[in-house]
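Descriptive analysis of the structure
Here's the letter readout for the chains.
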2 protein chains.
Amino acid sequence: MEDVAKLAGVSHQTVSRVLNAHPNVSTVTRERVEKAIAELGYRRNTAARSLVTRRSQTIGVLGSDMSHYGPANTLLGVQQAARDKGYFVSMASLDEVTPAAIQDALEYFMMQSVDGIVVIVPHETMFESLSTINISVPLVAVGFGVDERLSVAAVNQRMGASLAVQHLVDLGHTAIAHVCGPPDWIDAAARIDGWRRTLAQAGLPDSVLIRGDWSAESGYRAGLELAAAGNVTAVFAANDQMALGALRAFSEAGLRVPLDISVVGYDDQPEAAYLVPPLTTVNQGFKELGARCMQMLLFDMANGHSGASSVVNPRLVVRSTTASPSGP
Amino acid sequence: MEDVAKLAGVSHQTVSRVLNAHPNVSTVTRERVEKAIAELGYRRNTAARSLVTRRSQTIGVLGSDMSHYGPANTLLGVQQAARDKGYFVSMASLDEVTPAAIQDALEYFMMQSVDGIVVIVPHETMFESLSTINISVPLVAVGFGVDERLSVAAVNQRMGASLAVQHLVDLGHTAIAHVCGPPDWIDAAARIDGWRRTLAQAGLPDSVLIRGDWSAESGYRAGLELAAAGNVTAVFAANDQMALGALRAFSEAGLRVPLDISVVGYDDQPEAAYLVPPLTTVNQGFKELGARCMQMLLFDMANGHSGASSVVNPRLVVRSTTASPSGP
DNA sequence: AAGCTGATTGTTAGCGCTAACGTCGGGGGT
DNA sequence: ACCCCCGACGTTAGCGCTAACAATCAGCTT
């Protein structure tokens, strides 16, 4: 930095002012300094800066289940948003979602003195752990229910489920099954709830609920089961993978989609549009979610813990796996 | 730190010595200091430490295609190894694998003054970019071919493919198709190569090669195609997803696995063991790969660029989708 | 007993940066 | 003409830590 100052014929402090976009620097000087910086390929030392500003410009992202579409994309969304805002992201991923592992990971982030933490661990267990653990930096949880002790950014899963189910109701379906995700997953529970409420609101009775595990395999099994029973005209699957499995099961069972049975997925994975037939599904907008996350975290970092929540609305994407039920 | 020193009745330097496990500290003093540290919940300031040691204890991990099993798990492996070695990991993921995006991400890491970089971008494009770009910290690339300009940690894909194909050859198969991954993916090319060489070594002619895109869908289509042609008794799929798709296609086509046709996958995803029938596949040992990566990076960080390479040997996992071909 | 050795501890000087304050000069009000 | 003010810089003092050196003392040797 001293070198830059010398080359530009100013003091190191003026260089600092230029770097920090301080107002009281004349245009001439600013340009001279910028030229010197470019010429020397100077980069400011993060450690020294952190030492005096007491901020690391780093946020920690705690994740789990990164092989799943949702968590993986949420991570990417957060990471991109952080980078856009000039933050670095440090990540730690949980092999097992236990209080001890969570504690360890948070301790790791504290060692690094991160400025804030984003938690992407969509399990009830995590929710419980967070209520007990007390951490000294702002923390935003992704995908949890609203809770005054926690700042939360989430996709409105109930609304997403509602969108899917209401779409089927509007088409005239009255028997709408749900293939849900595994227990302990918060999103799975929320989607079940949304499915149930929407049926109730439409004055329809509860329908078949089959437990899956997010995998295409489990969707396939559920599809076979539904095809055999033959008592529904539509299925709402809690993710696209399971919808894919169900589609295949129906095709094997000789059921035509959407003529004989309608299918709605959830996630809008890139493949969804290229399935045969293209899958009607629910888009969650992970980029947006990541951006909201950073926004909340920045707010909490500036103003202290808010306990606020930011909810992203999912969007129904109608493709070709849904239609009105054919006559009985 | 001064507080800890005061509480322990020593100088701040002695506290520093204890923290850095310096030899010349008496046991009594060490214990007193440790007690004081515990009592005050003291954590040493990373920024100040970095400022003087000139190391950030952070490595940057550049990744792409994190929704795929391979890259995602490599990242997890590296991340875990880094944490074990006391390093923090900062990540940046590429939306698109272009020289500009790569350059940007590396620049981002330089701003953060990472101590080293791990690149998990399994594309030919990345390899080309790395040859031109010159970066001032040690860099280890994952999964690339050996190149003296680059330090590389990789799974021996050719061997993995060989293991799979040789297993089929040993069972007596003579017509072994390959469903490969998309172009530009280094691993896909290496597996094709391994398949081809092993056939040649066994004195067998080249067989059917069908291009997939890693998705179950593409494996399914390939499976249908192979079933229709009926000219092979075994299939080696370049990943488990495609093997899964092929299994389904064969089942639809009335081919019994492994009686009528054998299938070998690649990756050993957790689901592989639970498919029906359980899938014979190749395990890549991502944990090990991550550990090797860190080992090489640490070496290069200590001794300057080595251009060495560390190769992890994959392991064939024989389950129930492979058997000797039935008579003609 | 003086001197040397080595183990243990304390003292000092930065690492590179920013915040706070000091300085300087030129323009406007009286 | 005088003063004051304010914008545009420079100077100084740390942020919390570690490396290098200085100091101390016990246990030896000569």
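Provided above is the structure to which this section pertains.
These numbers were taken from a predicted model, which means no experiment stands behind them. (Residues numbered from 1 in each chain as written. Chains lettered and ligands numbered in written order. Predicted model: local features only at pLDDT ≥ 70, side-chain atom pairs only at ≥ 80, totals over all residues. Heavy atoms only, no water.)

1. Comments concerning the overall build of chain A
The criterion, for reference: What counts as a helix is a DSSP run of H or I of at least four residues, what counts as a strand is a run of E of at least two, and both are numbered from the N terminus. What the globule rule says is 2.2 Å times the number of residues to the power 0.38, and the radius of gyration is computed from C-alpha atoms. For every residue, the accessible area (1.4 Å probe, protein chains only) is compared with the maximum for its type, and the residue is labelled buried under 20%, exposed over 50%, or partly exposed between those bounds. Throughout, a contact is declared for two residues whenever any of their heavy atoms are within 4.5 Å. Here the open area of atoms and residues is found with the Shrake-Rupley method and a 1.4 Å probe, where only the protein chains shown may cover a residue.
When its secondary structure is counted, chain A shows 12 helices and 12 strands. Expected size for 328 residues packed as a compact globule is a radius of gyration near 20 Å; at 25 Å, chain A overshoots this value by more than 25%. For chain A, the spread of C-alpha atoms along the principal axes amounts to about 85 × 40 × 30 Å. Out of the 328 residues belonging to chain A, those deemed buried represent 54%. Put simply, 71% of the contacts in chain A that link residues at least 6 apart link residues at least 24 apart. Accessible area for chain A stands at about 13,900 Å²; split by element, carbon and sulfur atoms hold 51% of it.

2. Focus on the protein's contact with DNA strand D
Spelled out, the test is: Proximity is defined per residue: if any heavy atom of the residue lies within 4 Å of a molecule or strand, that residue is considered near it. We define a polar contact as two N or O atoms separated by no more than 3.5 Å, with the added condition that, inside protein, one atom must be a possible hydrogen donor and the other a possible acceptor, whereas residues neighbouring each other in sequence contribute only through side-chain atom pairs. The classification used treats Ala, Val, Leu, Ile, Met, Phe, Trp, Tyr, Cys and Pro as nonpolar, Asp, Glu, Lys and Arg as charged, and all other residues, Gly among them, as polar.
Taken together, 25 residues lie near DNA strand D, and Thr14(A), Arg54(A), Met1(B), Ser16(B) and Tyr42(B) sit nearest. A breakdown of the atoms of DNA strand D within 4 Å of the protein gives sugar and phosphate a share of 59%. Ala48(B) is positioned such that a nitrogen or oxygen atom in its backbone is 3.4 Å from a base nitrogen of DNA strand D. Contributions of two or more residues to the surface near DNA strand D are made by helix H2 (12-19) and helix H4 (46-53) of chain A together with helix H2 (12-19) and helix H4 (46-53) of chain B. Looking at side-chain class alone, the surface near DNA strand D contains 9 nonpolar, 12 polar and 4 charged residues.

3. What to know about the interface of chain A and chain B
Stated precisely, the cut-off is as follows: Here the buried area means the combined drop in accessible surface, using a 1.4 Å probe, for two parts upon being joined, counting both sides. Salt bridge criterion: a side-chain nitrogen from Lys or Arg within 4 Å of a carboxyl oxygen from Asp or Glu.
With 37 residues of chain A at the interface, the matching set in chain B holds 39 residues. Across the interface of chain A and chain B, roughly 3,600 Å² is buried in total on both sides, 53% from carbon and sulfur atoms. Per-residue buried area on chain A facing chain B is highest for Arg83(A), Phe88(A) and Arg248(A); these three make up 18% of the total on that side. Inspection of the chain A/chain B interface yields 4 salt bridges. Residue Arg43(B) pairs with Glu107(A) through a salt bridge whose shortest N-O separation is 3.0 Å. Run the count over chain A and chain B and you get 14 residue pairs in polar contact (both at pLDDT 80 or more). Sorting the residues of the side of chain A that touches chain B by element identifies H4, helix H5 (69-84), strand E2 (88-94), helix H6 (99-111), helix H10 (216-229) and helix H11 (240-252) of chain A as the ones contributing at least two each.

4. Quick word on the relation of the copies chain A and chain B
Mapping between the two chain copies consists of a rotation about an axis together with a translation along that axis. Counted only if it meets this: Superposing copies: least-squares fit, C-alpha atoms only, residues required to have pLDDT of at least 70 in both.
For the pair chain A and chain B, the best superposition has an RMSD of 0.1 Å and corresponds to a rotation of 180° with a translation of 0.1 Å parallel to the axis. The superposition of one copy onto the other is thereby described by a two-fold rotation axis. By residue overlap, the copies meet face to face through one surface: 100% of the interface positions of chain A are interface positions in chain B.

5. Observations regarding the packing of aromatic side chains
Put simply, the rule reads: Only centres within 6.5 Å qualify two rings of Phe, Tyr or Trp (six-membered ring in Trp) as a pair; their planes then separate them into stacked at under 30 degrees, edge-to-face at over 60, and tilted for everything else.
Going through the model one piece at a time under the given rule, you end up with 12 aromatic pairs over all chains. Ring centres 5.8 Å apart and planes at 50° place the aromatic pair Tyr108(A) and Phe109(A) in the tilted group. Across the pair, exposure class does not vary: Tyr108(A) and Phe109(A) are buried alike. Ring centres of Tyr69(B) and Phe286(B) lie 6.0 Å apart, and the angle between their planes is 70°; this geometry places the pair in the edge-to-face category. Note that Tyr69(B) is positioned in helix H5 (residues 69-84) and Phe286(B) in helix H12 (residues 286-303), a separation of 217 residues in sequence.

6. Regarding the sheet that holds strand E8 (residues 234-237) of chain B
Residues and elements named next belong to chain B. Which entries qualify depends on this criterion: Any two strands between which DSSP finds at least two bridges are classified as paired. For every element, the axis is a line fit to its C-alpha atoms; helices are fit only across the contacting stretch, and the angle between N-to-C directions ranges from 0 to 180 degrees.
Strand order in this open sheet of 4 strands is E7-E6-E8-E9, and the pairing throughout is parallel. Each of the sheet's edge strands pairs with one partner strand only, and the pair in question is strand E7 (209-211) and strand E9 (262-264). The average angle at which neighbouring strand axes cross in this sheet is 20°, direction not considered. The pairing of E8 with E9 spans 3 bridges and is classified as parallel.

7. Structural notes on H5(A)
Residues and elements named next belong to chain A. Counted only if it meets this: Expected span, for any helix, means 1.5 Å times one less than how many residues it has.
Spanning 16 residues, H5 covers 22 Å between terminal C-alpha atoms, matching the ideal 22 Å at 1.5 Å per step. Burial analysis of H5 places 13 of its 16 residues in the buried class, the great majority of the element. Phi turns positive one or two residues past the end of H5, at glycine 86, with a value near 85°.

8. Side note on the side chain of Thr198(B)
Residues and elements named next belong to chain B. Mapped onto the elements, threonine 198 comes out in helix H9 (residues 186-201). Of the residues examined, threonine 198 reaches a relative accessible area of 1% and is grouped as buried. Residue contacts for threonine 198: discarding those within four places in its chain leaves Ser162, Val165 and Gln166.

9. What to know about the nonpolar core
Where we set the bar: The definition of a nonpolar core used throughout is a set of buried Ala, Val, Leu, Ile, Met, Phe, Trp, Tyr and Cys residues joined through side-chain atoms within 4.5 Å.
Grouped together as the largest cluster of nonpolar side chains are 102 residues, with contacts concentrated most on Ile59(A), Leu62(A), Val118(A), Phe144(A), Ile59(B), Leu62(B) and Val118(B). Membership of the second largest hydrophobic core comes to 27 residues, among which are Leu226(B), Val235(B), Ala237(B) and Met242(B).

10. Observations regarding the protein's contact with DNA strand C
Near DNA strand C lie 25 residues; those nearest to it are Met1(A), Ser16(A), Tyr42(A), Thr29(B) and Arg54(B). A distance of 3.4 Å separates a base nitrogen of DNA strand C from a polar atom in the backbone of Ala48(A). Between a phosphate oxygen of DNA strand C and a side-chain N or O atom of Arg49(A), the distance comes to 3.1 Å. Of all the secondary-structure elements, those providing two or more residues to the surface near DNA strand C are H2 and H4 of chain A together with H2 and H4 of chain B. Across the surface near DNA strand C, the residue classes tally to 9 nonpolar, 12 polar and 4 charged.

11. Regarding the side chain of Ser215(B)
Looking at where Ser215(B) falls in the secondary structure, it is placed in the loop between E7 and helix H10 (216-229). Aside from chain neighbours lying at most four places away, what touches Ser215(B) is Gln241(B) and Met242(B).

12. A look at the packing of H10(A) against H11(A)
All names here are of chain A. Condition: Any angle that falls under 35 degrees is termed roughly parallel, while one over 145 is termed roughly antiparallel, one within 65 to 115 roughly perpendicular, and all others oblique. Each crossing is labelled by how the near helix is turned from the far one, with a counterclockwise turn of less than a right angle marking it left-handed and a clockwise turn marking it right-handed.
In the contact formed by H10 and H11, the axes pass within 6 Å of each other and the chain directions differ by 40°. Between H10 and H11, the interaxial angle falls into the category oblique. As H10 runs across H11, the sense of the crossing is right-handed. Touching Ala216, Ser218, Gly219, Tyr220, Gly223, Leu224, Leu226 and Ala227 of H10 are Gln241, Met242, Leu244, Gly245, Ala246, Arg248, Ala249, Phe250 and Glu252, all from H11. For the contact of H10 with H11, a count of residues per class yields 10 nonpolar, 5 polar and 2 charged.

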